[in-house]
Amino acid sequence: MRYLIIFVFLFSTYTVVAQKKITTRNISDEIEFASVDRVGELYLITKKGQIQKFDVNGKLLSVYKNEPVPTLFEPRDGSRLFAFFRTSRKFEYWNPSFEATNSFLLDSAFIIDPWLACSSGDHNLWILDAADQTIKKYNPRKSILETDVKFPETISPDFSNIIFIREYQGFIFFLDREKGIHIFNGMGKVIKSIAVQRLSYFNFVGEELYYPVDGQLRFLNLFTGEERTMKLPGEFTMALLTDERLFLIQTNSVDFFEFKP
């Protein structure tokens, strides 16, 4: 079993240069959030509630126009998308055209006040329950809680500041917009916090977590502890990476770049 290394032993900085720009796509609505799936395709969530899906070269593939927009959207591998709706206590799996293939209501006997939920593996969920301030791993096929632990008040005393949750490489990551990123192990125990105020997103590429700091991207290798920063070839409100693409996202546009590390 691999473990996240708490202590950073190497820090480096490099600049992305001479990346070929593929295209710029102008978006008619304000972009509020974005994500990429494992295939490398881009999803834009707009202020009016659309989700627009683009291929790696900037071609619009499909648009989600139903209401409401999910509280948390996770494209996963691109073939089975995950959506959580807080108000209706519902989570769904969608096909690539944003059509629901499975829809489930969270059982109030197990989860009283679901604040956020993300997928865990193929079928399970990690859920933040605001009623009792807990982290719960829920198996909907068996209707059981596999994990139910208290979320440390010293880490994030106010769930309203936690705006994102994601499982990756066996860890669970929480984004607190006031305190930064909290990393928990698969048993629901905190193992590391990264202090960054007013952080609006993070993402992953390979074995690295990355997030924006001072107009750059900062990376943390989850298994060696190595850190590095990367300067980018333009301004952005969000910057997302895949093995082959760099997406620089602004309020109403996206620049698509070839990416060669």
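Just so we're clear, the structure is a prediction, and the values are computed from it rather than from any experiment. (Residues numbered from 1 in each chain as written. Predicted model: local features only at pLDDT ≥ 70, side-chain atom pairs only at ≥ 80, totals over all residues. Heavy atoms only, no water.)

Engineer: What's the story with the overall build of the protein chain in this structure? I'm lost.
Structural biologist: In terms of regular secondary structure, the protein chain is built from 0 helices and 25 strands. Compactness check: the protein chain gives a C-alpha radius of gyration of 18 Å against a globular reference of 18 Å for 261 residues, within 12% of the reference. Judged by the C-alpha coordinates and their principal axes, the protein chain covers about 55 × 45 × 30 Å. The buried share among the 261 residues of the protein chain stands at 52%. Partitioning the contacts of the protein chain with sequence separation of at least 6, the portion at a separation of at least 24 is 44%. Measuring between centres, the 31 positive side-chain charges of the protein chain sit 1 Å from its 33 negative side-chain charges. (Helix = DSSP H or I, 4+ residues; strand = E, 2+ residues; numbered from the N terminus. Rg over C-alpha atoms; globule rule 2.2 N^0.38 Å. Buried < 20%, exposed > 50% of the residue type's maximum accessible area, 1.4 Å probe, protein only. Contact = heavy atoms within 4.5 Å. Lys, Arg positive; Asp, Glu negative; His and termini not counted. Charge placed at Lys NZ, Arg CZ, Asp CG, Glu CD.)

Engineer: Would you take a moment to explain the sheet that holds strand 5 (residues 51-54) for this structure?
Structural biologist: Neighbouring strands of a sheet are bound in pairs by backbone hydrogen bonds; such pairs are parallel or else antiparallel. Across the sheet, 4 strands lie side by side as 3-4-5-6; this open sheet has antiparallel pairing. Because the sheet does not close on itself, it has two edges, and the strands there are strand 3 (31-36) and strand 6 (60-64). The sheet shows a mean angle of 20 degrees between the axes of neighbouring strands, taken without regard to direction. In this structure, strand 4 (residues 42-46) lies alongside strand 5, joined through 4 bridges in antiparallel fashion. In the strand pairing of strand 5, Ile45 is matched with Ile51. (Pairing = 2+ DSSP bridges. Axes fitted to C-alpha atoms, helices over the stretch in contact; angles between N-to-C directions.)

Engineer: When you look at the sheet that holds strand 7 (residues 72-74) in this model, what are you seeing that I'm missing?
Structural biologist: As summarised here, the arrangement of the 4 strands in space is 7-8-9-10, forming an open sheet in which the pairing is antiparallel. The outermost strands of the open sheet, each flanked by one partner alone, are strand 7 and strand 10 (100-105). The average angle at which neighbouring strand axes cross in this sheet is 15 degrees, direction not considered. Bridging between strand 8 (residues 81-85) and strand 9 (residues 90-94) involves 5 bridges; their strand directions are antiparallel. Its bridge partner lying in strand 9, Leu81 is registered against Trp94.

Engineer: How should I be thinking about the side chain of Glu41 in this particular structure?
Structural biologist: Mapping Glu41 onto the fold places it in the loop between strand 3 and strand 4. In this structure, Glu41 is in contact with Ser35, Val36, Lys53, Phe54, Asp55, Val56 and Leu61, ignoring residues within four places of it in sequence.

Engineer: How should the nonpolar core be read in this particular structure?
Structural biologist: Where a protein is soluble and globular, its nonpolar side chains tend to be buried together. In terms of nonpolar packing, the biggest core is built from 45 residues, with Phe173, Ile181 and Leu209 touching the most fellow members. The dominant element in this core, judged by the number of residues it contributes, is strand 16 (residues 171-176), at 5 residues. Apart from residues no more than four positions distant in its own chain, Leu209 is found in contact with Phe173, Ile181, Ile183, Ile194, Phe202, Asn203, Phe204, Arg218, Phe219, Leu220 and Leu222. Val36, Leu232, Leu241 and Leu246 belong to the second-largest nonpolar core, a separate cluster that totals 27 residues. (Core = buried A, V, L, I, M, F, W, Y, C linked by side-chain atoms within 4.5 Å.)

Engineer: How should the packing of aromatic side chains be read in this particular structure?
Structural biologist: By convention here, two paired aromatic rings are described through the distance between centres and the angle between planes. One pass over the full model with this rule turns up 28 aromatic pairs. Geometrically, the ring pair formed by Phe151 and Phe174 is edge-to-face, given 5.3 Å between the ring centres and 85 degrees between the ring planes. Residue Phe151 is found in the loop between strand 14 (144-150) and strand 15 (162-168), and its partner Phe174 is found in strand 16; the two are separated by 23 residues along the sequence. For Phe174, a relative accessible area of 0% translates into the label buried. Residues Tyr168 and Phe204 carry aromatic rings whose centres are separated by 4.1 Å and whose planes lie at 15 degrees to one another, so their mutual orientation is stacked. Of the two residues, Tyr168 sits in strand 15 while Phe204 sits in strand 19 (residues 203-205), which places them 36 residues apart along the sequence. Chaining the aromatic ring pairs together yields one cluster made of Phe33, Phe164, Tyr168, Phe171, Phe173, Phe202, Phe204 and Phe223. (Phe/Tyr/Trp six-rings, centres within 6.5 Å; stacked < 30°, edge-to-face > 60°.)

Engineer: Looking at this model, I keep getting lost on the confidence of the model for the protein chain. Mind explaining?
Structural biologist: Parts of the model with low pLDDT should not have their predicted coordinates read in detail. Model confidence for the protein chain is summarised by a mean pLDDT of 91, while 93% of its residues fall at 70 or above. For residues 5-10, every residue scores under 50 in pLDDT, and the model assigns this stretch 16 contacts once sequence neighbours within four places are set aside. (pLDDT = per-residue confidence, 0-100.)

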